[in-house]
Amino acid sequence: QVQLVDSGGGLVQPGGSLTLSCAASGSIFSIDVMGWYRQAPGKQRELVATITSRGSTNYADSVKGRFTISRDNAENTVALQMDSLKPEDTAVYYCNARLMVRGRSYYELRWGQGTQVTVSS
């Protein structure tokens, strides 16, 4: 059984910082891409940032220069450092991984349960 557990959300004031963490566990052979998505009420889920196993990153325009994604391949974890937070960053943030389950020969997606980030004064 493979699962992703994300954590670190909370309430923060505009301009503040927050770090989200996600750990993948279970019968995992390899993880290709890990990333973070977010969804605000009544809105579509959107990509925030991704990072490959080699460290190549991709960010949504709205978070470039403010957020930093990183991962530890040995521990199958990914983190999102969020700085200069804005009210529009308020959303449920979901960890995502494109991984291969041990014994299988194809990649599949797994999602964390989501962690709430609220930016408000």
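These numbers come from a predicted model, not from an experiment.

A. How the structure looks around the pairing of strand β10 (residues 108–111). Alignment of strand β9 (residues 91–101) against β10, held across four bridges, turns out to be antiparallel. Within the sheet, the bridge partner assigned to R98 lies in β10 and is L109. Between β9 and β10, which pair antiparallel in sequence order, lie six residues; one of them, G103, sits at a positive phi of approximately 95°.

B. Just the nonpolar core, in detail. Of all hydrophobic cores here, the largest spans 31 residues; its most connected members are W36, L80, M82 and Y93. With six residues, β9 is the largest single contributor of residues to this core.

C. The sheet that holds strand β1 (residues 3–7), seen in detail. The four strands are arranged β1-β3-β8-β7 in an open sheet whose pairing can be described as antiparallel. Here the strands that pair on one side only, and so sit at the sheet edges, are β1 and β7 (67–72). Within this sheet the neighbouring strands show an average axis-to-axis angle of 15°, counted without direction. The sheet contact formed by strand β3 (residues 18–25) and strand β8 (residues 77–82) spans six bridges and is antiparallel. Bridge pairing in β8 links L18 to M82.

What counts as what
Residues numbered from 1 in each chain as written. Predicted model: local features only at pLDDT ≥ 70, side-chain atom pairs only at ≥ 80, totals over all residues. Heavy atoms only, no water. Pairing = 2+ DSSP bridges. Helix = DSSP H or I, 4+ residues; strand = E, 2+ residues; numbered from the N terminus. Core = buried A, V, L, I, M, F, W, Y, C linked by side-chain atoms within 4.5 Å. Buried < 20%, exposed > 50% of the residue type's maximum accessible area, 1.4 Å probe, protein only. Axes fitted to C-alpha atoms, helices over the stretch in contact; angles between N-to-C directions.

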